[in-house]
Amino acid sequence: MTALLKVSDLKKYYALGGKGLSDNAMVSWVRNRFTNAPKETQMLHAVDGVNFEISKGESLGLVGESGCGKSTLVAMLARLSDSTSGSINFADKDIGSVPAKQFHAEPERSELQIVFQDPHESLNPRFTAFDTIAEPLRRLANLSSKAELRARVEAVATQVDLPLQLLGRFPHQLSGGQKARVNIARAIALSPKLLILDEPTSALDVSVQAVILKLLVRLKQELGMSYLFVSHDLNVVRLLCDRVIVMYLGQIIEEGPAEEIFTNPLHPYTRALISAIPGQNKEDASKYRLEGDPLSPVDPDPEACRFYGRCPNGTDLCTRAAPVKISPNPDHYAVCHFPVLSE
Amino acid sequence: MSEFLKHLRYVLTENPVTLIAGTMFVLLIVAAIIGPAIVPYDPMASSASQSLKAPSWEHWFGTDQLGRDVFSRIVVATRLDLSIAVSAVAISFVFGSILGSLAGFFGGWVDRIVGRITDTIMAFPLFVLAMGIVAALGNSVENIVYATAIINLPFYARVSRTEVNIRRSSDFVLAARLAGNSSLRLLATHIYPNTLPPLMVQVSLNMGWAILNAAGLSFIGLGVRPPTAEWGIMVAEGAGYIVSGEWWLAIFPGLALMLAVFTFNLLGDGLRDLIDPRRRT
Amino acid sequence: MSNSVPILDIKNLSVEFRTRSGVVKALENVSLEVFRGEIVGIVGESGSGKSVSALTAMGILDPAGHVTAGSISLGGLDVLGASEAVLQTMRGQQASMIFQSPRTALNPIRTVGNQIGDVLHRHNMADRQHLREMVIRTLKTVRIPDPERRFDAYPFELSGGMCQRIMIAMALACSPELLIADEPTTGLDVTTQAAIMDLIRDLSRERNMATVLITHDLSMAADYCDKIIVMHAGHVVESGSSHDLFTSPRHPYTAKLMKATPNGGGSLDDIASIHGGLPDLRGLLPPCRFSGRCERHEAICDSGPLDAKEVSPNHFVNCQRPL
Amino acid sequence: MKRNDKLRIIFGRLTQAIPSIIGIIIVTFILTRALPGDPAVYFAGPAATEKSIQEIRTSLGLDKSMLEQFWIYASNLASGDLGVSVSTGLSVKEELIRRLPASLELTFLALLFSIGVALPLGIAAATRPNSWVDQLCRIVVTAGVSLPVFFTGLFMVYLFYYILGIAPAPLGRLDIIYLSPPSVTGFYTIDALLDGDIETFGAALSQMILPAITLGIFTLAPLARMTRGAMLQVLSSDFIRTARASGLKRSTVLYTYAFRNALLPILTTLGMVFSFMLGSNVLVEKVFAWPGIGSFAIEALIVSDYAAVQGFVLAMAILYVLLNLTIDIIYTLVDPRVGLES
Amino acid sequence: AGRDDTLVVVSGNGPNSMDIQRKGTNRPSYQIAVNLYDRLVGYSTKTLANGTLMYDYSKLEPEAAESWVVSPDGMTITFKMRKGATFWDGAPITAYDVKWSFDRAVSLGGFPTVQMKAGSLEKPEQFEALDADTFVIKLTRPDKMTLPDLGVPVPIIFNSELAKKHATADDPWATEYLHRTPAGSGAFMLERWDPGQQVVYKRFEGWKNGELPGISRVIIREIPSASTRRALLEKGDADVSLEMPPKDFAELNASGKYTITGVPIENSMISIGLNLNFEPFANKLVRQAIAYSVPYDQIFKQAAFERGIPLWGGKSLTPATIEWPQPFPYNTDYDKAKALLTEAGYEQGFEVPLSFNLGLAQWSEPMCLLLQESLEKVGIKATIEKIPGANWRTAALVEKKLPMHIKDFGGWLNYPDYYSFWVYQKDRLFNSMNYSNPEVEKITDATLKMEVSDPQYEPNIKKLLSIFFEDVPLIPVYQPYLDVAMQKNITGYQYYAHRQLDCRSFNKASV
Ligand SMILES: Nc1ncnc2c1ncn2[C@@H]1O[C@H](COP(=O)(O)OP(=O)(O)OP(=O)(O)O)[C@@H](O)[C@H]1O
Ligand SMILES: Nc1ncnc2c1ncn2[C@@H]1O[C@H](COP(=O)(O)OP(=O)(O)OP(=O)(O)O)[C@@H](O)[C@H]1O
Ligand SMILES: [Mg+2]
Ligand SMILES: [Mg+2]
């Protein structure tokens, strides 16, 4: 089985001083500005040397704290933004070298799609559900005949269980679940090979979540897609994914089969993450509580572990030497000096 | 279409002020279209015996120094005034919002250039700039329109710049990019239409300003050419007669002007609601 | 528990919103009791009336909202009958509330220290000279590192978790008897979420406070609450101790909700969704507002008003055909 | 450190204004040359001959090429020389120094009036959205903006001076019986106070009331609307709910919390309103015989007095830049976040 | 305080210089010359039918000069300076001052030089101060205008010693100094001048060159809005109000509560200029047709509110008198106009821009509107152009490019030949009609210097006038009044040649 997507040493740095900062980056940036005045440009390492593969038909989960670079990574993969360095190979073609602005003309455009986190925000308020779903068909499949277009849109809508009478509605006239369906429909309209799901259900009620998850699983089987599933909710990742990668401050710190990550996490961070899931064994959980905030992603020390300071296992070594990769079995590895050893 | 009409009805009935404004707007339009055909007197015809007559049954709004019927002149002026307002606003709307959108979308040097242009215009005392333009180009209706359009341009450019800017990396735009749209198409079909509702408020406010601006120009003698009937120039000329007691010369055209500006101002919110699909129930 | 007086006692509360598009019957016949020292969870889908209940209890309902029936007693105070001035003193002193998305719930242009100070000063907990000192002491109680420096920080300079701690500090500054936490961890990272929830639990235990925890997440409620109230479309459908509710849910909605929540382990086939959405709360509604989504729906469900049935001690269900 | 940073922002703002000012200098230059009048003809007086006009053209440097003229103008400007106004025969700088305070004093008072009325109205409307107070406020302020300023001005003169006799004669900055106070700031009210002359202060103030209200009425609407909008938005934000839930007093919530947050968009509008007022001054000064910079501009424009028009526009532009700078400074004082986005 | 002997004047415009000889000096500045300065001679006054005093240019009165003698050949005029008269600073007024001042007037170029030339005063060599008391003018030819020309506002006497102190190599005539600071001997001294705002005069108690003024202080305020000026007068806040629309004067006059002067402005006509460069107007018949289509009566009533003297409806193409201005032999007669147009080949009419000076819009705009309307009746389509004040001079007088326009020229010296000199002669500045007629050139040149008593004078002038009547490049409508509105307690208004206020003769009765 060949890899559908192969990402090597992918990096994205933001030069600070520009606009559009948010969240933690802002905090640290402010802190930096007010404590030390040097004016040389600082780099925010949003994604810092990421390597992984996705095989055909596989679903890969991507978890990590807010601000760790998930969305940034995903935007590069989907060719919505350019990388600083590194390569993205999609179906044996280096798509990373095509500038994002020009990617809309590439044949791969239709094969790589995303569903965004907020189903409401990702719909154009002036477009009806029909328009939204029809858009990729018009642009990328060059469907211009009205009848054909309608037929295709209706077919896709049926595929995502979207009642056809809702096609004429504007986003604000749809419920959250329906909006999510429209988004998914738009993304799968051209039967992409890889579908990236950036927290597709986090804005939905539990009551709807299950349907959407089931729909995703069904679609995957029907269309033979691969998934890259980004989520905060480990329980969901566990349900949906074959493999999981865990990111922390722009880097992958652990990767392995889903079940193994959950039952036998290696990295202390993964461990903490899992124990923070509600509904776990209570006594055990509080042992792994993380205190404090992540370090700044601005010009991190390449020689130190980025988790140091919050890590229950951290020692001096972690500040002096970059963490090492340990791999108890071929498809599971973590990057840490002091991994959690299974009992 | 019927969807739109239904929505129109909703917007109008939802707020009584909008309804009033809407009704007045229709009246204005009607006056502009059929006004010249229905007025009781020739708005240009002077009459020595009828000069400076106070309002009466024959002359509802009185007559002016040359014995021209003020009512007829006011009604006939509607067309010109509305056209001045509409064309001035249309020009600044089109150019301003396009410039602003490009600046907001592409950022960088496009943004800087557009920013400097708007800053430069804004740094002029706007009315004086309008005066200067009209004085330099000559006082014709077109030049008044151009001057008004130029001084209003920065407002549109600024509003649409920010509106585009906040949307340019929003999820739905990214989604549209995924659907294979090029940058320009994204801007034109996805972002730009969404910036219209806030611009609509600006449009309606500006319609009022445009008329007032023309009136101000008239006051300092740079208004439209006589004997054309135009509210601003009628108020400006009539203002000189207030102290001598011929109040009707200024008051009635002033009321007409006020009514129009009023209508446009109040219409703004309704217009925004009308064009914003989110407000549709 | 039942031998003492409840701190918060809501009885048969009905609230409606008069909007342009019709009257929204947001709450109907809602009752709940919260005693000192217990953590009560309110769970339910979005729009089920959790926040409205809490806001009504605090007397800060949107002006469009009207209480049409019922009573609320908070620490002995009749909330619905009290004057605005009395309510103002009550808020922050007897009862406080924290909200979701802490970053926006704090005044963006005032230092966090001053915001806490405002509350302390308002309730005469500290005079101007000692305000800073008091604030810092309060900050310490929510385990904020380096509180002296944080005093002068603006919300945008702090992380979400830190802001939520500030919110908690602010809410607890005047040692209230009741704390209402309205989805305090939504939007926070899982790890932060756990830390915040631990903090809330520890503080309410320490201070023997009455605590109301509003959440979407059943498993979280199970983890942290003594008692759980399940709401659906403005109705309380079931209430009881966490244990009772989780081991034997009696209302079909509660059971469904539990099934819909992924809880680690199991496969996708084990989770189920709830058919349909919340009914439109405008216009005529059936006696049981869940009937439209309920698989057990039968004619009897539409027959008449619902009454809470005590199916086992302190476990109430609002259903004609409980499980 | 923090202050340093803000200073840098302010400095950055100033440098940003430079291209605008250069743009203004160029545009004004071109605009003045495009004016149809010929200053040489005007200057030559009533009985001019072809020859004397030509002489004057040479002496004014009007026979040189446009580029040369611009160069001369620009280099004079660089050395602080704004030229001499042909129509008044005085240096433009002198004229500006004399007239600018008159306009500014009036504009400031107008702004004060406008703020004093619009802000409370806006707040009242925002606290009771869609109530009759709100609608009334909307209609009242819209009415204010619906009339041309010169009309309002003349009408007020007619009503308050001519008919009712409660306003002083519209004779400019001071009634005939008063002497202007010794000039320190150029603001008669302030100078009179510095001089300890309460009577003159009162007289100067009373002369300003009608024109200031005339100017102010026109700007009520944008201010009140913006205040209402900004307050509504802030009042519906989460932190207000927090403040209310913490039992803070209504006044604290309204002013310390809501209003301060709403201040930012209001400030921006205030800046716009101010430059708008400076423009409208042109008309109001004419009605009230106010010897300000606006009436100077009209006269200059009408007689194609190049130096005067250029000087006027430049002064206004610089004023505008300073104004925006002031607003920026207030911004940074009010909002700690400002300056973090460049 | 002290308003009893203070005169409060409100006016639309104020002076822009204290030096009438300066380039670019505006009309309101001319009053400076009379109020702050003295000339050698002034004009005598005559009383008009309505009781208003008016200057009489035919009779001169001594001012700084006590007496003068014209040599029999008319080539030399010798002035004796008044004894004891001083400048404000106490320095005596001497012939040397006069010499310096006259030299200045003929040397500065521009307006003062041209005006001096009108009296054949052209070069410094013509002026000589024999001693402190004796000043001599030598003429190159006798000129009936020389003496009257000394009474106009231009040849004022500066305090030359004071002025010279402020002269520089670049500025030998101290123009910069005198522009701001008057250095005169006039009946009033300058108390303050706030350009664009007000001028305040106070009486010069040591004035010897005439009767001491009755008013001790004059405040002239600039009030741009005409209706405000009217309001100020009506409310009693102003004593004198200037430059109001004819309508206001008419109404105030009718109210009987105010004194309105109503002096016909000498040598002045409100007329319609037809530019011969505009093709149809090159044809005399077309010009006459236009003259027959002017709605004279209506204009006179509705634009001028009858504040003037009609200049239409003359009896015959040959003038009976040499009175000037006098009615032209035209009436409103559309049939005749149409006939003339047909004869000229313009029965279809034509289009023509009709321009007026925006500064005079008060009466010229309604005049244009009425004219436009009646031209329409004979098939001529006029479009009205408003031309801002400054551009007016360029467009109308220098470029002479306005096909049809409203003219309000008035000459200071009341002779038809003088008017012709400025307006009808080829290439003259005020000949905005581009009119040229060899006979007019000849007669004007001949009569200009001729004494009125010369037997050749009358026939020549009659001929000239009949050419004006027949050719009508200029269609007079009325002779305007100079109107000034005053409170009833103000007396002693005197109309001076420059049409500005001469404050010397005013008196104010306490009320
Ligand atoms: N345009 C940008 N300029 C500068 N920094 C940016 C930009 N976009 C993102 N960042 C920073 O890069 C880092 C990664 O952000 P990203 O949005 O990828 O995080 P995330 O993992 O998706 O977080 P979340 O779970 O909250 O969505 C953050 O520190 C963020 O502040
Ligand atoms: N100000 C208001 N005007 C009109 N309707 C309102 C208002 N506030 C709440 N509602 C309605 O009341 C009902 C209950 O809302 P509430 O906010 O209590 O839900 P919730 O359970 O807190 O939901 P969430 O989990 O999304 O916070 C909803 O149907 C909502 O639409
Ligand atoms: Mg993200
Ligand atoms: Mg809620």
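Residues numbered from 1 in each chain as written. Chains lettered and ligands numbered in written order. Predicted model: local features only at pLDDT ≥ 70, side-chain atom pairs only at ≥ 80, totals over all residues. Heavy atoms only, no water.

Novice: Where do I start with the overall build of chain E in this structure?
Specialist: Helix and strand content of chain E: 16 helices and 23 strands. In terms of C-alpha radius of gyration, chain E reaches 24 Å, essentially the compact-globule figure of 24 Å for 511 residues. Overall size of chain E, expressed as C-alpha extent along the three principal axes, is 70 × 55 × 45 Å. Per-residue burial for chain E yields a buried fraction of 64% across its 511 residues. (Helix = DSSP H or I, 4+ residues; strand = E, 2+ residues; numbered from the N terminus. Rg over C-alpha atoms; globule rule 2.2 N^0.38 Å. Buried < 20%, exposed > 50% of the residue type's maximum accessible area, 1.4 Å probe, protein only.)

Novice: Would you mind going over the overall build of chain D with me for this structure?
Specialist: Helix and strand content of chain D: 13 helices and zero strands. Secondary structure elements of chain D occur, N-terminal to C-terminal, as α-α-α-α-α-α-α-α-α-α-α-α-α. Overall, chain D is about 85 × 55 × 40 Å in size when its C-alpha atoms are taken along their principal axes. Relative to its 342 residues, chain D shows a buried fraction of 59%. Sequence-distant contacts in chain D: of pairs separated by 6 or more residues, those separated by 24 or more amount to 72%. By element, 69% of the accessible surface of chain D is carried by carbon and sulfur atoms, the whole surface being about 13,300 Å². (Contact = heavy atoms within 4.5 Å. Areas by Shrake-Rupley, 256 points an atom, 1.4 Å probe, with all protein chains shown as cover.)

Novice: Can you help me understand the site of ligand 1 in this one?
Specialist: All names here are of chain A. Around ligand 1 sit 17 residues, and of these Ser66, Gly67, Lys70, Ser71 and Thr72 come closest. Backbone polar atom of cysteine 68 to an oxygen atom of ligand 1: 3.2 Å apart, as the coordinates give it. Here serine 71 contributes a side-chain N or O atom positioned 2.6 Å from an oxygen atom of ligand 1. Contact with the protein chains hides 79% of the accessible area of ligand 1, taken as 640 Å² for the molecule alone. (Near = heavy atom within 4 Å. Polar contact = N/O pair within 3.5 Å; in protein donor to acceptor, adjacent residues only side chain to side chain.)

Novice: Would you mind showing me how to read unusual backbone geometry here?
Specialist: For residues besides glycine, phi is generally negative; the peptide bonds are generally trans as well. The residue after tryptophan 324 of chain E, namely proline 325 of chain E, is reached through a cis peptide bond having omega -5°. Mapping proline 325 of chain E onto the fold places it in the loop between strand E15 (308-310) and helix H11 (334-344). Backbone geometry at aspartate 146 of chain C places phi at a positive 55°, although glycine is not the residue there. Accessibility expressed as a relative area gives 36% for aspartate 146 of chain C, which makes it partly exposed.

Novice: Please explain the pattern of salt bridges as it appears in this structure.
Specialist: Side chains that differ in sign of charge can pair as their charged atoms come close. A full pass over the atoms with the stated rule returns 71 salt bridges over all chains. The salt bridge involving arginine 110 of chain C is made with aspartate 118 of chain C; its shortest N-O contact spans 2.8 Å. A single burial state applies to arginine 110 of chain C and to aspartate 118 of chain C, both of which are buried. In this structure, arginine 180 of chain E engages glutamate 94 of chain D in a salt bridge whose closest nitrogen and oxygen atoms are separated by 2.8 Å. Of the two residues, arginine 180 of chain E sits in helix H6 (residues 175-180) while glutamate 94 of chain D sits in helix H5 (residues 92-127), which places them in two different chains. Accessibility expressed as a relative area gives 31% for arginine 180 of chain E, which makes it partly exposed. On the basis of relative accessibility, which here comes to 32%, the residue glutamate 94 of chain D falls in the partly exposed class. What emerges from the salt-bridge pattern is a single network uniting Glu246 of chain B together with Arg230, Glu234, Lys247, Asp248 and Glu251 of chain E. (Salt bridge = Lys/Arg side-chain N within 4 Å of Asp/Glu carboxyl O.)

Novice: Is there a simple way to explain the UniProt feature "domain: ABC transmembrane type-1" (unreviewed entry) in chain D in this structure?
Specialist: Under the UniProt annotation, the feature "domain: ABC transmembrane type-1" (unreviewed entry) is placed at residues 100-331 of chain D. Between the end C-alpha atoms of residues 100-331 of chain D the distance is 26 Å, and the span holds 79% helix and 0% strand. (UniProt positions renumbered as here; feature names shortened; annotations may be inferred.)

Novice: Looking at this structure, I do not really get the packing of helix H3 (residues 70-106) of chain B against helix H6 (residues 141-168) of chain B. What am I missing?
Specialist: The relative placement of two packed helices is expressed as an angle between their axes plus a distance between the axes. Two elements in contact, H3 of chain B and H6 of chain B, have axes separated by 5 Å at closest approach and are oriented at 35°. In this structure, the crossing between H3 of chain B and H6 of chain B has a hand that is right-handed. (Axes fitted to C-alpha atoms, helices over the stretch in contact; angles between N-to-C directions. Left-handed = near helix turned anticlockwise from the far one by under 90°.)

Novice: Would you explain the nonpolar core in this entry?
Specialist: Nonpolar side chains tend to gather and get buried jointly when the protein is soluble and globular. With 278 residues, the main nonpolar core has Met131 and Trp231 of chain B, Leu8, Ile116, Ile168 and Leu178 of chain C together with Phe150 of chain D as its most contacted residues. Sorting elements by how many residues they give to this core places helix H11 (residues 250-287) of chain D first, with 19 residues. Every residue in contact with isoleucine 116 of chain C, bar those within four places of it in the chain, is listed here: Val135, Leu139, Ile166, Ala169, Met170 and Ala173 of chain C. Core analysis: the second largest hydrophobic core is formed by 163 residues, Tyr57, Trp363, Tyr495 and Phe506 of chain E among them. (Core = buried A, V, L, I, M, F, W, Y, C linked by side-chain atoms within 4.5 Å.)

Novice: Explanation requested: the UniProt feature "transmembrane region" (unreviewed entry) in chain D in the structure shown.
Specialist: Residue and element names in this part refer to chain D. Under the UniProt annotation, "transmembrane region" (unreviewed entry) lies at residues 12-31, 104-127, 139-164, 200-223, 254-276, 288-306 and 313-334. Between the end C-alpha atoms of residues 139-164 the distance is 26 Å, and the span holds 85% helix and 0% strand. Measuring from the first to the last C-alpha atom of residues 313-334 gives 31 Å, for a span that is 100% helix and 0% strand.

Novice: How should the site of ligand 2 be read in this particular structure?
Specialist: All names here are of chain C. Taken together, 15 residues are adjacent to ligand 2, and Ser46, Gly47, Lys50, Ser51 and Val52 come closest. Lysine 50 is positioned with one of its side-chain polar atoms (N or O) 2.9 Å from an oxygen atom of ligand 2. Here an oxygen atom of ligand 2 sits 2.5 Å away from a polar atom, N or O, in the side chain of serine 51. Contact with the protein chains hides 69% of the accessible area of ligand 2, taken as 630 Å² for the molecule alone. If you tally residues by element for the shell around ligand 2, the top one is helix H1 (residues 50-58), at three residues. Here the shell around ligand 2 is built from residues that sort into four nonpolar, seven polar and four charged. (Nonpolar A, V, L, I, M, F, W, Y, C, P; charged D, E, K, R; others polar.)

Novice: It is not clear to me how the confidence of the model for chain E should be interpreted in this structure. Could you clarify?
Specialist: Detailed reading of the predicted model is not advised wherever pLDDT is low. Averaged over all residues, the pLDDT of chain E equals 89, while 99% of them reach at least 70. With a pTM of 0.84, the predicted complex shows an ipTM of 0.82. (pLDDT = per-residue confidence, 0-100.)

Novice: Even after reading the chapter, I still don't get the sheet that holds strand E10 (residues 217-222) of chain E, so can you show me in this structure?
Specialist: Strand pairing in a sheet relies on backbone hydrogen bonds. The paired strands run either parallel or antiparallel. Residues and elements named next belong to chain E. In space, the seven strands of this open sheet follow the order E8-E9-E10-E1-E11-E20-E12, with mixed pairing throughout. Strands with a single pairing partner mark the edges of an open sheet, and in this sheet they are strand E8 (188-194) and strand E12 (258-260). The sheet shows a mean angle of 20° between the axes of neighbouring strands, taken without regard to direction. Relative to strand E20 (residues 484-487), strand E11 (residues 240-242) runs antiparallel, the two being bridged by three bridges. Residue pairing across strands places serine 241 opposite alanine 485, the latter belonging to E20. Helix H7 (residues 226-234) contacts strand E1 (6-11), E11, E12 and E20 of the sheet and is inclined by roughly 165° relative to E11. (Pairing = 2+ DSSP bridges.)

Novice: I keep staring at the side chain of threonine 78 of chain B and nothing clicks. Help me out?
Specialist: Residue and element names in this part refer to chain B. Of note, threonine 78 is situated in helix H3. By relative accessible area, threonine 78 is classed as buried at 3%. Here valine 75 takes part through its backbone oxygen, which lies 2.7 Å from a polar atom of the side chain of threonine 78. Apart from residues no more than four positions distant in its own chain, threonine 78 is found in contact with Leu28, Ala31, Ala32 and Trp231.

Novice: Quick question: what am I supposed to make of the interface of chain D and chain B here?
Specialist: When the parts of a complex come together, some accessible area is lost, and that lost area is often used as the size of the interface. Contacts between the two partners involve 42 residues from chain D and, on the opposite side, 43 residues from chain B. Carbon and sulfur atoms make up 78% of the surface buried where chain D meets chain B, a total of about 4,000 Å² over both sides. Seen at the junction of chain D and chain B, the total is zero salt bridges. Between the two partners, chain D and chain B, sit zero residue pairs in polar contact (both at pLDDT 80 or more). Put simply, the parts of the chain that give the side of chain D that touches chain B at least two residues each are helix H1 (2-34), helix H6 (132-145), helix H7 (149-163), helix H9 (198-235), H11, helix H12 (293-302) and helix H13 (306-334) of chain D. Tallying contributions element by element places H1 of chain D first for the side of chain D that touches chain B, with nine residues. (Buried area = accessible area lost by both parts, 1.4 Å probe.)

Novice: For this particular structure, what's the right way to read the pairing of strand E7 (residues 178-182) of chain C?
Specialist: A regular strand places its side chains so that they alternate between the two faces of the sheet. All names here are of chain C. In terms of burial, E7 is a largely internal element, five of the five residues being buried. Neither face of E7 is left uncovered, since the one carrying Leu178, Ile180 and Asp182 and the one carrying Leu179 and Ala181 both have all their residues buried. Both strand E6 (residues 95-98) and E7 contribute to a ladder of four bridges, which runs parallel. Bridge pairing in E7 links serine 96 to leucine 179. Where E7 lies against strand E8 (residues 210-215), five bridges are found, and the strand directions are parallel. By the bridge assignment, aspartate 182 is partnered in E8 with isoleucine 214. As for the winding sense of the linkage, the β-α-β connection from E7 through helix H8 (residues 190-207) to E8 is right-handed. (Right-handed = clockwise from strand over helix to strand, strands pointing away.)

Novice: Honestly, the packing of aromatic side chains in this entry has me stumped. Any pointers?
Specialist: For any pair of aromatic rings, the description rests on two quantities: the centre-to-centre distance and the angle between the ring planes. Under the definition given, this model contains 55 aromatic pairs over all chains. With a centroid separation of 5.3 Å and an interplanar angle of 70°, the aromatic rings of phenylalanine 409 of chain E and tyrosine 419 of chain E are classed as edge-to-face. Taken as a pair, phenylalanine 409 of chain E in the loop between strand E18 (404-407) and helix H14 (416-423) and tyrosine 419 of chain E in helix H14 lie far apart in primary sequence, ten residues in all. Each member of the pair phenylalanine 409 of chain E and tyrosine 419 of chain E is classed as buried. Here tyrosine 424 of chain E and tyrosine 435 of chain E contribute two aromatic rings whose centre-to-centre distance is 5.9 Å and whose plane-to-plane angle is 80°, an arrangement assigned as edge-to-face. Separated by eleven residues along the polypeptide, tyrosine 424 of chain E in the loop between H14 and helix H15 (438-448) and tyrosine 435 of chain E in the loop between H14 and H15 bring together distant segments of the chain. Using a relative accessible area of 2% as the deciding quantity, one classes tyrosine 435 of chain E as buried. In textbook terms, an aromatic cluster arises when at least three aromatic residues are bridged by ring pairs, as seen for Trp324, Phe409, Tyr418, Tyr419, Phe421, Trp422, Tyr424, Phe430, Tyr435 and Phe468 of chain E. Of note, lysine 325 of chain A hangs over the ring of tyrosine 333 of chain A, and the distance from its end group to the ring centre comes to 4.1 Å. The ring of phenylalanine 151 of chain C has arginine 132 of chain C lying over it, and the distance from NZ or CZ to the ring centre is 4.1 Å. (Phe/Tyr/Trp six-rings, centres within 6.5 Å; stacked < 30°, edge-to-face > 60°. Lys NZ or Arg CZ within 6 Å of the ring centre and 35° of its normal.)

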